[in-house]
Amino acid sequence: MTYLLTATVTPSKQNFSREPGRETAMAKDILGEAGLHFDELNKLRVLDPEVTQQTIELKEECKDFVDKIGQFQKIVGGLIELVDQLAKEAENEKMKAIGARNLLKSIAKQREAQQQQLQALIAEKKMQLERYRVEYEALCKVEAEQNEFIDQFIFQK
């Protein structure tokens, strides 16, 4: 951190035989060599007025830079929030898709199980039909034999 040293210098009222502008210039040169300078208000400064002005400009530029960085951080923060929200929405949609896929798989398995049950029922019904057909043929044969027996009995009387 740079500290500015200020002091007010008032010209002396002594009257020298030398030129007054020359004394001031010599004093400024001596003080300048010592690292002390006068500003436009005749205040004694440790820094050269140009360096002071550059320091003030740099300070203002730094303030502008810090403000811009703050704005940038706000924008980036908003962007990060938006990306996080989109990531959450994408994750929710992903979970919905996984759930739908699992539901479709379970429906497919249920249909497959139902199809196997129906095929087993069809096979059972075919076997039952075959038993009924054999029984029918046997009963038809018995009926034919009984009809023949009745016909023979009637003709013998």
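Residues numbered from 1 in each chain as written. Predicted model: local features only at pLDDT ≥ 70, side-chain atom pairs only at ≥ 80, totals over all residues. Heavy atoms only, no water.

Side note on the overall build of the chain
Across its full length, the chain holds two helices and two strands. Listing the helices and strands of the chain from first to last along the sequence gives α-β-β-α. Counting all 157 residues of the chain, 3% fall into the buried class. When contacts within the chain are restricted to residue pairs at least 6 apart in sequence, those whose partners lie at least 24 apart make up 46%. (Helix = DSSP H or I, 4+ residues; strand = E, 2+ residues; numbered from the N terminus. Buried < 20%, exposed > 50% of the residue type's maximum accessible area, 1.4 Å probe, protein only. Contact = heavy atoms within 4.5 Å.)

A closer look at the pattern of salt bridges
Enumeration over the complete set of coordinates arrives at four salt bridges. Glu 130 serves as the salt-bridge partner of Arg 133, at 2.3 Å between the closest nitrogen and oxygen. Remark: Glu 130 and Arg 133 occur in helix α2 (residues 49-156); sequence separation between them is three residues, near one turn of the helix. You can call Arg 133 partly exposed: its relative accessible area is 37%. Among the charged side chains, a network of salt bridges with common partners joins Glu 130, Arg 133 and Glu 137. (Salt bridge = Lys/Arg side-chain N within 4 Å of Asp/Glu carboxyl O.)

Description of the packing of aromatic side chains
This structure, assessed with the given rule, holds one aromatic pair. Ring geometry for Phe 149 versus Phe 153: centroids 6.4 Å apart, planes at 20 degrees, classification stacked. In this pair, Phe 149 and Phe 153 are both assigned in helix α2, four residues apart and thus about one turn of the helix distant. Taking relative accessible area as the criterion, Phe 149 reaches 55% and is therefore assigned exposed. The class for Phe 153 is partly exposed, based on a relative accessible area of 44%. (Phe/Tyr/Trp six-rings, centres within 6.5 Å; stacked < 30°, edge-to-face > 60°.)

Some remarks on the UniProt feature "coiled-coil region" (unreviewed entry) in the chain
According to UniProt, the "coiled-coil region" (unreviewed entry) feature falls on residues 104-135. In residues 104-135, the share of helix is 100% and the share of strand is 0%. The end C-alpha atoms are 46 Å apart. (UniProt positions renumbered as here; feature names shortened; annotations may be inferred.)

Here we look at a nonpolar patch on the surface
Taken together, the side chains of Leu 79, Leu 82, Val 83 and Leu 86 present a nonpolar region at the surface, about 360 Å² in accessible area. Examined against the element boundaries, Val 83 turns out to sit in helix α2. Owing to a relative accessible area of 45%, Val 83 belongs among the partly exposed residues under this scheme. (Patch = residues over 30% accessible without salt bridge, like charges linked within 9 Å, V, L, I, M, F, W, Y side chains within 5 Å. Areas by Shrake-Rupley, 256 points an atom, 1.4 Å probe, with all protein chains shown as cover.)

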